[in-house]
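The chain contents come next:
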Amino acid sequence: AAMAAGGRVEGVIPRFLMTEEIAQRGLAELVITESLHSRKAEMHARADALIALPGGIGTLDELLEAMTWRELGLHDKPIFLLGANGYWAPLVALLRHIAGEGFGPPDLLQLAHPLADLDALDRLLGVARADVERDPETWLSLMVPEDRRRLAEAMARQDPLATHWHFEGRYIAP
């Protein structure tokens, strides 16, 4: 869908999966890594934000690693959980339970921002595209607190990348 709409799509796949999976054709770039770990590191390095789509254990592994890196302060990229019909609700409940039992910080749920569906993502990105320069508070109100702080600081510095980072950057899904 992204390519059909004229978007640039990049792929990252470990070499050993090239024999078991068919890599997407027609990508702007396909990076082949030597391991799953190096794949995650490469995807993360290329991303400005992460969007987790419904998936299996591999998706969960990549998502939790990105959340762990964010919790440890290794990055401060926004993480979104995109899934219809409450797909991510059990994970959100588990994170709430972990924090409630004292095995995670009280703000554990701030590491990833759930979005109910594509319309929510469209609204988030649409507001960013249309309104950030005219009304930055609208965009800021949709973001998790840490991301609001980072964008507000970048805008206060008049950083020209502040607006591009959120809605013209590369978004890849684990």
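Residues numbered from 1 in each chain as written. Predicted model: local features only at pLDDT ≥ 70, side-chain atom pairs only at ≥ 80, totals over all residues. Heavy atoms only, no water.

Enquirer: Give me helix 1 (residues 36–46): which residues, what numbers.
Expert: Restricting attention to buried positions, one finds in helix 1 the residues Arg-39, Lys-40, Met-43, His-44 and Arg-46. Mapping the buried residues of helix 1 onto a view down its axis gives an arc of 165°, with all of them on the same face. Across from the buried face of helix 1, at angles greater than 90 degrees, the exposed residues are His-37 and Ala-45. (Buried < 20%, exposed > 50% of the residue type's maximum accessible area, 1.4 Å probe, protein only. Helix = DSSP H or I, 4+ residues; strand = E, 2+ residues; numbered from the N terminus. Arc of directions from axis to C-beta.)

Enquirer: Describe the packing of aromatic side chains, naming the residues involved and giving the relevant values.
Expert: Summed over all chains, the structure comprises one aromatic pair. Considering the side-chain rings of Tyr-87 and Trp-88, the 5.0 Å spacing of their centres and the 85° angle between planes classify their relative orientation as edge-to-face. Tyr-87 sits in the partly exposed class, given a relative accessible area of 36%. Residue classification places Trp-88 among the buried residues on the basis of a relative accessible area of 7%. (Phe/Tyr/Trp six-rings, centres within 6.5 Å; stacked < 30°, edge-to-face > 60°.)

Enquirer: So what's going on with the pattern of salt bridges? Which residues, and what values?
Expert: Side chains bearing opposite charge may pair, as long as their charged atoms lie close to each other. All told, the structure shown has nine salt bridges when counted by the stated rule. Notably, a salt bridge pairs Glu-34 with Arg-15, separated by 2.9 Å at the nearest N-O pair. Within this pair, whereas Glu-34 is found in the loop between strand 2 (29–33) and helix 1, its partner Arg-15 is found in the loop between strand 1 (10–14) and strand 2, the two being separated by 19 residues in sequence. Given a relative accessible area of 57%, Glu-34 falls into the exposed group. Put simply, Lys-40 and Asp-61 hold a salt bridge, and the shortest N to O gap is 2.9 Å. With Lys-40 in helix 1 and Asp-61 in helix 2 (residues 57–71), the pair connects residues that are 21 residues apart, well separated along the chain. Its relative accessible area of 13% is what places Lys-40 among the buried residues. Taking the relative accessible area as the measure of exposure, Asp-61 reaches 40% and is therefore partly exposed. Members of the salt-bridge network, linked through shared partners, are Arg-8, Glu-10, Glu-29, Glu-42 and Arg-46. (Salt bridge = Lys/Arg side-chain N within 4 Å of Asp/Glu carboxyl O.)

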